[in-house]
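Observations on chain architecture
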Amino acid sequence: MEMPVEVLERLSHRCKRVAGPEVNLEQLRRVEQSTRREWWQEIKVCQAEYDTLHYDRDKFLEANIALARLKLVVSFLDKREAPPPDHGFSQQEIDLVREFEQFIVYDRLSLEDIKNYVRGGRDDEQGIFKLAKHAAVNGYGQMYRLMEQRNIPNDLAFAVQRVYQERIRKVEAAAAEIGQTETYQGLERSQRGTVAGRTSAAEARRMEQAYMAAVEARLGGKARGTQWKNIERFNSLKKIHSELKLIKPTSLKVVRETMPHGLGVRAVIERRKFLIFVMPALLLVLRVLSDYKELYVTGADVNLSLAEAMPHIEEAIAQARGTACVLGLAATAGWEQRAIDYARRDALPSPKLSLVLIDLKDRAVHYNPGDERLEGIVDYLGVK
């Protein structure tokens, strides 16, 4: 049975206004915190009532509720205000809204205007060309597939694609136009060379392979007093290829021969329980990361952000399933300061998680020195 119109309008009143494209993040940040918290509570009450109703589900209402809640959470975070503890949004979902907000300038331009800026091939005061390059590098040419890869929930993905339909059309067109310009072709050619002072794809591959070989040798040795079991090597080559081919078609063979492979290793320290059952006492997950899209387009790696670390943090917590876990993330070009500060702090998403960030370029290791779980473990992860 369909929901009566008057009920739908009442439940949609606040969330539809907050979710709408006419209310951007900058406008939300200017609203008093007390007002935004009232809106959050109002939407929460409406959602609770909606969940008790026995009408057919309304995907438009669900989408507006999801996007409105997310935009409010981002506004709290951006203003350094405490977000509602039960908001439930992942870092990827939060970053998606922040990223997409950068393209608000496209709302004021026609599709042809944007294409003309891109064809001009030079930076402009409004940043139109720079945003187009950003869109191409980050795979925004196919927003639907991008949200699938980031595991954005259906209600939120539907909301973004419906509310920002016109902006998405322009962003996708800008990303596609970049691929047809001489400027992009010049960027593509540059990936075969080295940008002075920055890490090239060939250097990133060498660092990745040398580091992983050294770590595996330490894990397999007995001199350090810790016996690691179930040592398993893995790579992210297919995932890297699937992301890069969205920017410009390429084969898995080419990616294998020219790019870092996203190498990693898992291992456990075991303990015996009741003399029969063997249980893992500690899970170690180590990954080497690069900015693969930047390497693919410009030929030079860049520092990784906290946003790029968060999916691996969330995945490690899920894989550990309550077991204590040490996650090591090694970046071939290093980490941004915000990520380093995050690794050094006490409050991580799970008390079972310990985080170590490794900078392969500067041979530095960043972690919380007060974390007792890391005693003796960091030695295995350092860069010699």
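Here the structure is a predicted model, which means the values were calculated and not measured.

What follows is about unusual backbone geometry. Backbone geometry at Arg80 places phi at a positive 55 degrees, although glycine is not the residue there. With respect to the secondary-structure elements, Arg80 resides in the loop between helix 4 (59-78) and helix 5 (91-101). Here the phi dihedral of Arg363 falls at roughly 55 degrees; this positive angle occurs in a residue that is not glycine. Tracing the backbone through its elements, the reader meets Arg363 in the loop between strand 5 (353-359) and strand 6 (364-366).

Of all seven residues in strand 5, seven are buried, a share of seventy percent or more. Examined bridge by bridge, strand 4 (residues 325-331) and strand 5 share seven bridges and lie parallel to one another. When the sheet's bridge partners are listed, Cys325 is paired in strand 5 with Leu353. As for the winding sense of the linkage, the β-α-β connection from strand 4 through helix 17 (residues 337-344) to strand 5 is right-handed. Bridge count between strand 5 and strand 6: three bridges; the pairing is antiparallel. Bridge pairing in strand 6 links Leu357 to His366.

As a further point, take the nonpolar core. With 54 residues, the main nonpolar core has Leu11, Leu67, Leu72 and Tyr106 as its most contacted residues. The greatest single-element share of this core, amounting to 11 residues, is contributed by helix 4. If we ignore the near neighbours within four places in the chain, the residues touching Leu11 are Met3, Cys46, Glu49, Tyr50, Leu53 and Leu61. Counting residues in each nonpolar core, the second largest holds 37 residues, with Leu295, Val297, Ile340 and Leu348 among its members.

Counting buried residues in strand 4 gives seven out of seven residues, a clear majority hidden from the surface. Neither face of strand 4 is left uncovered, since the one carrying Cys325, Leu327, Leu329 and Ala331 and the one carrying Val326, Gly328 and Ala330 both have all their residues buried.

Moving on to the pattern of salt bridges. Counted by the stated rule, this structure contains 16 salt bridges. A salt bridge links Glu42 to Arg14; its shortest N-O distance comes to 3.3 Å. Residue Glu42 is found in helix 3 (residues 33-52), and its partner Arg14 is found in helix 1 (residues 5-19); the two are separated by 28 residues along the sequence. The structure contains a network of salt bridges with shared partners spanning Glu26, Arg29, Arg30, Asp78, Asp95 and Arg98.

Glancing now at helix 16 (residues 306-320). Between its first and last C-alpha, helix 16 extends 21 Å over 15 residues, near the 21 Å set by a 1.5 Å rise per residue. Taken together, the buried positions of helix 16 are Leu306, Ala309, Met310, His312, Ile313, Ala316 and Ala320. Remark: Arg321 follows helix 16 within two positions and exhibits a positive phi of approximately 50 degrees.

The next point concerns the side chain of Ser354. When you line up the elements, Ser354 lands in strand 5. A residue is classified by how much of its surface remains accessible, and Ser354, at 0% relative accessible area, is buried. A distance of 2.6 Å separates a polar atom in the side chain of Ser354 from a polar atom in the side chain of Asp371. For Ser354, the contacting residues outside a window of four places in its chain are Cys325, Val326, Leu327, Leu348, Asp371, Arg373 and Leu374.

With 86% of its residues at a pLDDT of 70 or more, the chain has an overall mean of 83. Mean pLDDT across the elements of the chain bottoms out in helix 11 (residues 182-190) (47) and peaks in strand 4 (95). With pLDDT under 50 throughout, residues 186-196 is counted as low confidence; its partners more than four residues away or in other chains account for 19 contacts.

Cut-offs used in this document
Residues numbered from 1 in each chain as written. Predicted model: local features only at pLDDT ≥ 70, side-chain atom pairs only at ≥ 80, totals over all residues. Heavy atoms only, no water. Helix = DSSP H or I, 4+ residues; strand = E, 2+ residues; numbered from the N terminus. Buried < 20%, exposed > 50% of the residue type's maximum accessible area, 1.4 Å probe, protein only. Pairing = 2+ DSSP bridges. Right-handed = clockwise from strand over helix to strand, strands pointing away. Core = buried A, V, L, I, M, F, W, Y, C linked by side-chain atoms within 4.5 Å. Contact = heavy atoms within 4.5 Å. Salt bridge = Lys/Arg side-chain N within 4 Å of Asp/Glu carboxyl O. Expected span 1.5 Å × (residues − 1). Polar contact = N/O pair within 3.5 Å; in protein donor to acceptor, adjacent residues only side chain to side chain. pLDDT = per-residue confidence, 0-100.

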